[in-house]
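Here are the chains, one letter per residue:
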Amino acid sequence: MAKMEVKTSLLDDMIGVGDMVLLEPLNEDSFINNLKKRFDHNEVYTYIGSVVISINPYRSLPIYTPEKVEEYRNRNFYELSPHIFALSDEAYRSLRDQDKDQCILITGESGAGKTEASKLVMSYVAAVCGKGAEVNQVKEQLLQSNPVLEAFGNAKTVRNDNSSRFGKYMDIEFDFKGDPLGGVISNYLLEKSRVVKQPRGERNFHIFYQILSGASEEFLCKLKLEKDFSRYNYLGLDSATVNGVDDASNFRTVRNAMQIVGFMDHETQSVFEVVAAVLKLGNIEFKPESRANGLDESKIKDKNELKEICELTGIDQSVLERAFSFRTVEAKQEKVSTTLNVAQAYYARDALAKNLYSRLFSWLVTRINESIKAQTKVRKKVMGVLDIYGFEIFEDNSFEQFIINYCNEKLQQIFIELTLKEEQEEYIREGIEWTHIEYFNNAIICDLIENNQTGILAMLDEECLRPGTVTDDTFLEKLNQVCATHQHFESRMSKCSRFLNDTSLPHSCFRIQHYAGKVMYQVEGFVDKNNDLLYRDLSQAMWKANHSLIKALFPEGNPAKINLKRPPTAGSQFKASVATLMKNLQTKNPNYIRCIKPNDKKAAHIFNEALVCHQIRYLGLLENVRVRRAGYAFRQPYEACLERYKMLCKQTWPHWRGPARAGVEVLFNELGIPEEEFSFGRSKIFIRNPRTLFKLEDLRKQRLEDLATLIGKIYRGWKCRTRFLLMKKCQIVIASWYRRYSQQKKYQKIKSSAITVQSYIRGWKARKLLRELKHLKRCNEAATVIAAYWHGTQARRELRRLKDEARNKHAVAVIWAFWLGYKVRREYRKFFRANAGRKIYEFTLQRLMQKYFLEMKNKMPSLSPIDKNWPARPYLFLDSTHKELKRIFHLWRCKKYRDQFTDQQKLIYEEKLEASELFKDKKALYPASVGQPFQGAYLEISENPKYKKLKDAVDEKIIIAEVVNKINRANGKAASRIFLLTKNNVLLADQKSGTIKSEVPLGDVTKVSMSSQNDGFFAVHLKEGSEAASKGDFLLSSDHVIEMATKLYRTTLSQTKQKLNIEISDEFLVQFKQDKVCVKFIQGSQKNGNIPTCKRKNNRLLEVAIP
Ligand SMILES: Nc1ncnc2c1ncn2[C@@H]1O[C@H](COP(=O)(O)OP(=O)(O)OP(=O)(O)O)[C@@H](O)[C@H]1O
Ligand SMILES: [Mg+2]
């Protein structure tokens, strides 16, 4: 990081002496040398205590940058090198922090840099005060009011290229935070004579030149102006352009500023129209014309200019023309019109131009005030900045210079009042030991000018109001009479004048010894300028203008408001406004900037010691230093001082009970401030050195920080303690809840443990009891078992004994039997031996057969003819018997089954049997037909009214009535037909209408052909040559082909006693009319799903595809 040079005192790196109070030795030479030394080192500011001396550098110095603003911001006045920013900061801070209204008084002669200084103060304050969109707008408007007023109110003079030709006092208003709220500008007497005439080497007001150089052609044309300066009589030609000033760009700045300040477009336009009108007025020229009554009359030479002015301003040309030619005087309710001679006409023209311009200027100020005025009604703090025209001495000094210099006298007076006189008086009032310091008090000059009875202004007014002939000379005479003895008044004509022989003082002049030097005033024009008369005809003509601004500028022109009272004179008006200004300034805390002009050449780097010395003298700067040195830098009432610093001492903090003075004494003693550094006045404490004050301020600042820390500490302590207490309270509540909870838990644990122990004990007891009971039970059981065993043993023993006994008995019986048998067999052996074998065999065989049949009786299978069960054969020798028996049994149960059938069923079964014989193992469709009962009449011809016609046509019994598909011989496509089989005929009828299509007697049916496959196609072949055969054989298809063929076979057999030939083949011929067509059945095509399809392949082949 770059090493930054931090200044903590104006003593650091000081060039010469920054504060003249510290100058040693103090005399005029050292004073000037010090200023020169600093000036040569670009240090243009020097302090006298809190007063800033500013020497105009006449070149731009890099000391007004934003960085500089930051450097001076919030720093103590004596901390950094002297600067106008330090003074601005001090003033702003004491306004903001101590609630003291401030005023910045900037004095110095013309060209010393007052206006620049005032702008610097404003820009500094604008930079450091609050920010924000609204505040910035206020700031911008306040700052931008400067270029507007400068354009209209400043002009190049021989002393200053941008000389303020009006006095300006601006109050900037702030709220309690120090944010700007708005402002009010007061203007003082514009030097309007400049509008019509400028001294040599000077210019008219800037705006005229700016408009001509900066406005566009179009705009100029609108204003009826031409670019050429020389076209206008009112513009002095010898210095129409100023070095380093760009009028054109300044014009743009002014227009922009007007826009920012809030001028509406039409207002700006009106303003420039008035400016143009003023400029053009100067071009109106008059010529004399003698009238019949011998009086001279003036006539306008060229009416073109007048016409254009009237067009611009909306004034009736004749009205204005008349106003330039006549003057109406009202006396005792009588109107007298007199003609104006050429001189009077020029006077009237110039008066109108001056009035128009000066009123426009005042209107501008009012209009700006309207824009920048504070919008709130809250209490405001005010900082006033006074930038007034500086003291000036020209070759020809007139009424304006007199007024300007009077104003400067007054300012000097207020400076003396507040810094020198007031200060010294205060020491005496407060009883502070004091050696009086001599200084020149200019009150006497002020008195010479403004005294109500004998003052020059009063004399002038008296002359102006006096009846009779009044001229400037009569005024001078009067002055000579009244002021002759005044020390500061010099005139050649005064009685016993000291200046009778002073040739440097012409007879038509008087001289005043101003505080800043002697100024000789030409008395010519004083009366006129003071009267400031504008002929009523002119003001009435202006009021009649069709131009709202001009109309508003001349309210007295309204005939309805004619006021015969004389308006106050310019001098008295100015005196009154200066008095108000002084009063206003006295209520505020003054801050001085005393501007010094280093040379008369407006040049940089030149330090004209004589010139500076002169200014120092009349500004009383040396006296100022002396008073500062002898006196005290700072004073404050005891109460305020105690209130401000009481925190620096234990006894006075926080409350001091005794008198404030005693408190301050205690405080200062406690702080160890050396006695020579302060004095106790009657009501105030006086601090000699600013450093002591700064020390106090620093201590206070430190202490405030400590106190803030303390407050913070205590607050934090309190906050922590409160938090701690709260936490403690919470902890107790939580702990009590927790203890309760843990006790509950413990209790529950103990309880459950007790229950567990209890249950264990009970269990243990129960188990013990159980064990005992079990033991008892086992004992009982054991006893029972033992008893049972015992009884068992006993019983078995008994059983064994009985068994043994029985066996013995049986053995005895067997042995006996055997013995008997043996005896018998031995006895009868000789009788049986010859035929016993055959008989035993037959008997055994008989017994076995008997047994076989008895067993078969029980094992018989069911009576269902399809039951295949048959018991197994028991003996080999019965094999054939067993088979025969099975056969017989089956036949028998079949018979039994058949015996249950009705005749109808019998017929059906016969048909089924017939079908079986005809088709079983021959046609693949057959097995599927076995389960289907043969219904014959599928169509209920007799019931269905649709077939009534058909029924009527067939009077025989119908064996089959079913819908079949008749295959078209041409293309193999199927058509639905009703197939009827009666006892004698086969019929085919239309399915829809029931009309019989073909009828074939059964005798004519020779053969039925069909495939061996799973399809319903069949062909009915007809006898060749028969009537029915003429159309050819029928190729039909039906789902019931098996039933149909069977029934046809049976019916044919019963009717013709001949067996119908049924051919089952996959390829057979069918007679279609004349042709024989081969019908061929092909297995395997899946084209139409599961439905067989028939297709005519060629003339001889019809192919049936079977899936
Ligand atoms: N601080 C400065 N830095 C640079 N130039 C300055 C400074 N102050 C003044 N000047 C120059 O001096 C000229 C005259 O200054 P300024 O107009 O402020 O004088 P003044 O005291 O207002 O005179 P007057 O009484 O005629 O209005 C300015 O136009 C500018 O060129
Ligand atoms: Mg100025």
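Residues numbered from 1 in each chain as written. Chains lettered and ligands numbered in written order. Predicted model: local features only at pLDDT ≥ 70, side-chain atom pairs only at ≥ 80, totals over all residues. Heavy atoms only, no water.

**Student:** Can you walk me through the overall build of the chain in this structure?
**Tutor:** Within the chain, the regular secondary structure consists of 32 helices and 31 strands. Rg of the C-alpha trace for the chain: 75 Å, well past the compact-globule value of 32 Å for 1107 residues, more than 25% over. In terms of its C-alpha atoms, the chain occupies a principal-axis envelope of roughly 230 × 115 × 60 Å. By residue count, 46% of the 1107 residues in the chain fall in the buried class. Counting only contacts in the chain whose residues sit at least 6 apart along the sequence, the fraction spanning at least 24 positions is 64%. Accessible area of the chain: about 59300 Å², with a carbon and sulfur share of 54%. Distance from the positive charge centre (175 side chains) to the negative charge centre (135 side chains) of the chain: 22 Å. (Helix = DSSP H or I, 4+ residues; strand = E, 2+ residues; numbered from the N terminus. Rg over C-alpha atoms; globule rule 2.2 N^0.38 Å. Buried < 20%, exposed > 50% of the residue type's maximum accessible area, 1.4 Å probe, protein only. Contact = heavy atoms within 4.5 Å. Areas by Shrake-Rupley, 256 points an atom, 1.4 Å probe, with all protein chains shown as cover. Lys, Arg positive; Asp, Glu negative; His and termini not counted. Charge placed at Lys NZ, Arg CZ, Asp CG, Glu CD.)

**Student:** Would you mind showing me how to read the environment of Ile456 here?
**Tutor:** For Ile456, the position within the fold is in helix α16 (residues 456–465). Overall, Ile456 belongs to the buried group, its relative accessible area being 0%. Counting along the chain gives 386 residues from Ile456 to Glu842, while the straight-line C-alpha distance between them is 199 Å. Ignoring sequence-local partners within four residues, the contact set of Ile456 consists of Phe402, Leu448, Ile449, Phe475, Leu479, Cys483, Phe489, Phe510 and Ile512.

**Student:** Got a minute to help me understand the site of ligand 1 in this structure?
**Tutor:** In the neighbourhood of ligand 1, 19 residues make up the surrounding shell, with Asn56, Ser110, Lys114, Thr115 and Ser163 lying closest. One of the side-chain nitrogen or oxygen atoms of Thr115 is found 2.7 Å away from an oxygen atom of ligand 1. A distance of 2.9 Å separates an oxygen atom of ligand 1 from a polar atom in the side chain of Asn160. Taken together, the elements giving at least two residues each to the shell around ligand 1 come down to α4 (114–128) and β5 (163–164). (Near = heavy atom within 4 Å. Polar contact = N/O pair within 3.5 Å; in protein donor to acceptor, adjacent residues only side chain to side chain.)

**Student:** I'm lost on the confidence of the model for the chain in this one. Help?
**Tutor:** Any region with low pLDDT has predicted coordinates that should not be read closely. Mean pLDDT over the chain: 87, with 96% of residues reaching 70 or higher. Note on residues 1–6: pLDDT is under 50 here. Beyond four places in sequence and across chains, it has two contacts. (pLDDT = per-residue confidence, 0-100.)

**Student:** When you look at the coordination of the magnesium ion (ligand 2) in this model, what are you seeing that I'm missing?
**Tutor:** Ideal coordination angles are 109.5 degrees for a metal with four donors arranged tetrahedrally and 90 or 180 degrees for a metal with six donors arranged octahedrally. The protein atoms that coordinate the magnesium ion (ligand 2) are Thr115 (OG1) and Ser164 (OG), at distances of 1.9 to 2.1 Å. Placement of the pair is Thr115 in helix α4 and Ser164 in strand β5, with a sequence separation of 49 residues. Across the pair, Ser164 and Thr115 agree in class, each one buried. (Donors = N, O, S within 2.8 Å, 3.2 Å for Na, K, Ca; no water.)

**Student:** Where do I start with the packing of aromatic side chains in this structure?
**Tutor:** The description of an aromatic ring pair rests on the distance of the ring centres and on the angle between the ring planes. Scanning all chains against the criterion turns up 45 aromatic pairs. The interplanar angle of 85 degrees and the centroid separation of 4.6 Å between the aromatic rings of Phe415 and Tyr592 together place this pair among those described as edge-to-face. With Phe415 in helix α14 (residues 399–430) and Tyr592 in strand β16 (residues 589–596), this pair connects stretches of sequence that are 177 residues apart. On the basis of relative accessible area, Phe415 is assigned to the buried category, the value being 0%. With relative accessibility at 4%, the residue Tyr592 sits in the buried group. Ring centres 5.5 Å apart and planes at 35 degrees place the aromatic pair Trp870 and Phe889 in the tilted group. Of the two residues, Trp870 sits in the loop between α27 (836–859) and α28 (879–898) while Phe889 sits in helix α28, which places them 19 residues apart along the sequence. (Phe/Tyr/Trp six-rings, centres within 6.5 Å; stacked < 30°, edge-to-face > 60°.)

**Student:** Help me understand a nonpolar patch on the surface, please; the structure alone is not making it clear to me.
**Tutor:** The grouping of Trp816, Trp819, Leu820 and Tyr822 at the surface amounts to a nonpolar patch, some 420 Å² of accessible area in total. Tracing the sequence through the fold places Trp819 in helix α26 (residues 690–832). The partly exposed category is assigned to Trp819, whose relative accessible area is 40%. (Patch = residues over 30% accessible without salt bridge, like charges linked within 9 Å, V, L, I, M, F, W, Y side chains within 5 Å. Salt bridge = Lys/Arg side-chain N within 4 Å of Asp/Glu carboxyl O.)

**Student:** Would you mind showing me how to read unusual backbone geometry here?
**Tutor:** Leave glycine aside and you will find that most residues have negative phi; peptide bonds, for their part, are mostly trans. Cis geometry marks the peptide bond from Trp653 to Pro654, where omega comes out at 0 degrees. Position of Pro654 relative to the elements: it lies in the loop between α24 (638–645) and α25 (660–671). Notably, Lys602 is not glycine yet its phi reads approximately 55 degrees, a positive angle. Mapped onto the elements, Lys602 comes out in the loop between β16 and α22 (609–619). Unlike most non-glycine residues, His605 shows phi in positive territory, near 65 degrees.

**Student:** Explain the pairing of strand β24 (residues 1005–1010) here, please?
**Tutor:** Looking down a regular strand, the side chains alternate between one sheet face and the other. Note that β24 and strand β25 (residues 1017–1022) share five bridges and pair antiparallel. Of the residues in β25, the one forming a bridge with Val1005 is Leu1022. Hairpin connection between β24 and β25: a loop of six residues separates the two successive antiparallel strands. Sheet analysis places β24 next to strand β27 (residues 1061–1064), joined by four bridges and oriented parallel. In the strand pairing of β27, Ser1009 is matched with Glu1063. (Pairing = 2+ DSSP bridges.)

**Student:** Just to check I follow, could you spell out the packing of helix α7 (residues 206–214) against helix α10 (residues 265–281) for this structure?
**Tutor:** The description of two helices packed together rests on the angle between their axes and the distance between the axes. At a closest axis distance of 11 Å, the pairing of α7 and α10 adopts a crossing angle of 105 degrees. In terms of orientation, α7 lies roughly perpendicular with respect to α10. Only Phe272, Val275, Val278 and Leu279 of α10 make contact with α7, whose side of the interface consists of Ile207, Phe208, Ile211 and Leu212. Classifying every residue of the contact of α7 with α10 gives eight nonpolar, no polar and no charged. (Axes fitted to C-alpha atoms, helices over the stretch in contact; angles between N-to-C directions. Parallel < 35°, antiparallel > 145°, perpendicular 65-115°, else oblique. Nonpolar A, V, L, I, M, F, W, Y, C, P; charged D, E, K, R; others polar.)

**Student:** Can you walk me through empty space enclosed by the protein in this structure?
**Tutor:** If a probe as big as a water molecule is rolled over the atoms, it shows which places are left empty. In total, this model carries eight cavities of 30 Å³ or more according to the counting rule given. Computed from the structure, the largest cavity encloses a volume of approximately 80 Å³. In this structure, the largest cavity is lined by Thr115, Ser118, Lys119, Asn146, Leu149, Glu150, Asn154, Ser164, Phe166, Lys168 and Asp387. Those elements that place two or more of their residues in the lining of the largest cavity are α4 and α5 (133–153). Along the lines of polarity and charge, the residues of the lining of the largest cavity split into two nonpolar, five polar and four charged. Looking at the second largest cavity, the residues that line it are Met122, Val125, Ala126, Cys129, Lys139, Leu142, Leu143, Ile172, Phe174 and Pro180. (1 Å grid on protein atoms, 1.4 Å probe; cavity = no way out; pocket = protein on both sides within 12 Å on 5 of 7 lines; lining within 4 Å. Points joined across faces, edges and corners; volume = space filled by probe spheres on them.)

**Student:** Help me understand the sheet that holds β16, please; the structure alone is not making it clear to me.
**Tutor:** Pairing between the strands of a sheet comes from backbone hydrogen bonds, and it takes one of two forms, parallel or antiparallel. Spatially, seven strands are ordered β1-β2-β16-β3-β12-β6-β7 in an open sheet, and the strand pairing comes out mixed. Looking at which strands have only one partner, the edges of the open sheet turn out to be β1 (45–48) and β7 (180–188). With direction set aside, neighbouring strand axes in the sheet form an average angle of 20 degrees. Where strand β2 (residues 51–55) lies against β16, four bridges are found, and the strand directions are parallel. Along β16, the bridge assignment pairs Ile55 with Ile596. With respect to the sheet, α5 is in contact with β6 (167–174) and β7, its orientation differing from that of β7 by roughly 15 degrees.

**Student:** What am I meant to see in the pattern of salt bridges here?
**Tutor:** Inspection of every chain in the model, using the stated rule, returns 59 salt bridges. Put simply, Asp161 and Lys602 hold a salt bridge, and the shortest N to O gap is 2.5 Å. Separated by 441 residues along the polypeptide, Asp161 in the loop between β4 (154–155) and β5 and Lys602 in the loop between β16 and α22 bring together distant segments of the chain. In this structure Asp161 comes out as partly exposed when scored by relative accessible area, which is 22%. The exposure class of Lys602 is partly exposed, given its relative accessible area of 22%. Put simply, Glu490 and Lys518 hold a salt bridge, and the shortest N to O gap is 3.1 Å. Note that Glu490 is positioned in strand β13 (residues 489–491) and Lys518 in strand β15 (residues 517–522), a separation of 28 residues in sequence. Overall, Lys518 belongs to the partly exposed group, its relative accessible area being 46%. Within the structure, one salt-bridge network assembled from shared partners comprises Arg165, Glu191, Arg194, Glu202 and Glu392.

**Student:** Honestly, the sheet that holds strand β28 (residues 1067–1072) in this entry has me stumped. Any pointers?
**Tutor:** Strand order in the open sheet formed by four strands is β28-β29-β31-β30, and the pairing between neighbours is mixed. Each edge of the open sheet carries a strand with a single partner, namely β28 and β30 (1093–1098). Adjacent strand axes in the sheet meet at a mean angle of 30 degrees when their direction is disregarded. In this sheet, strand β29 (residues 1075–1083) lies alongside β28 in antiparallel orientation, the contact comprising six bridges. Each residue of the ladder has a partner; that of Leu1069, found in β29, is Cys1078.

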